[in-house]
Amino acid sequence: VAAEYADSGQATNDEHYAITITPTSEGLLEIDSSELMMQVCKDCHDGIAAGSIALKFHRTVAAIITMVCSQLKELTGIDVICGGGGVFQNRLLVEH
């Protein structure tokens, strides 16, 4: 649905849902998915079109990947990543 919406020419910005990524005491990065799901549910409840919600969700996933990679670069100095699997075959995610 997100790709169809994006191809329709209606996608004009990089808006995504608010997300929080917090470092843990174990050195991990924790993503609060409950906040994301509440925002998606609110948009559904408010009657936002499914394509718009899907596009915004996919943009959020892209933002999460970017933020996590940036934080990991700062922590490790590694500046090259390899994204594999089905997620990175999603054109919208790869382009963002």
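Asks: Please give an account of the environment of S34 that cites residues and values.
Replies: By the secondary structure assignment, S34 is in helix α2 (residues 33–45). C-alpha separation for the pair S34 and I19, spaced 15 residues apart in sequence, amounts to 9.6 Å.

Asks: Explain the pattern of salt bridges residue by residue, including any values.
Replies: Summed over all chains, the structure comprises three salt bridges. Put simply, D46 and K42 hold a salt bridge, and the shortest N to O gap is 2.5 Å. Put simply, D43 and K56 hold a salt bridge, and the shortest N to O gap is 4.0 Å. One end of the pair, D43, is in helix α2; the other, K56, is in helix α3 (residues 50–76), and 13 residues separate them in sequence.

Asks: Tell me about a nonpolar patch on the surface, and name the residues and values.
Replies: A cluster of nonpolar residues, V87, F88 and V94, forms a patch on the protein surface that exposes about 240 Å² of accessible area. Here V87 shows up in the loop between α3 and α4 (91–95). Classification of V87 by relative accessible area gives partly exposed; the value is 45%.

Asks: How would you sum up the confidence of the model for the protein? Please name residues and give values.
Replies: Predicted coordinates in regions of low pLDDT should not be interpreted in detail. On average, residues of the protein score 83 in pLDDT, and 85% of them are at 70 or above. Mean pLDDT across the elements of the protein bottoms out in helix α1 (residues 2–7) (51) and peaks in α2 (95). Contacts for the low-pLDDT stretch residues 6–11, under 50 throughout, to residues beyond four places or in other chains number eight contacts.

Reading the values: the criteria
- Residues numbered from 1 in each chain as written.
- Predicted model: local features only at pLDDT ≥ 70, side-chain atom pairs only at ≥ 80, totals over all residues.
- Heavy atoms only, no water.
- Helix = DSSP H or I, 4+ residues; strand = E, 2+ residues; numbered from the N terminus.
- Salt bridge = Lys/Arg side-chain N within 4 Å of Asp/Glu carboxyl O.
- Patch = residues over 30% accessible without salt bridge, like charges linked within 9 Å, V, L, I, M, F, W, Y side chains within 5 Å.
- Areas by Shrake-Rupley, 256 points an atom, 1.4 Å probe, with all protein chains shown as cover.
- Buried < 20%, exposed > 50% of the residue type's maximum accessible area, 1.4 Å probe, protein only.
- pLDDT = per-residue confidence, 0-100.
- Contact = heavy atoms within 4.5 Å.

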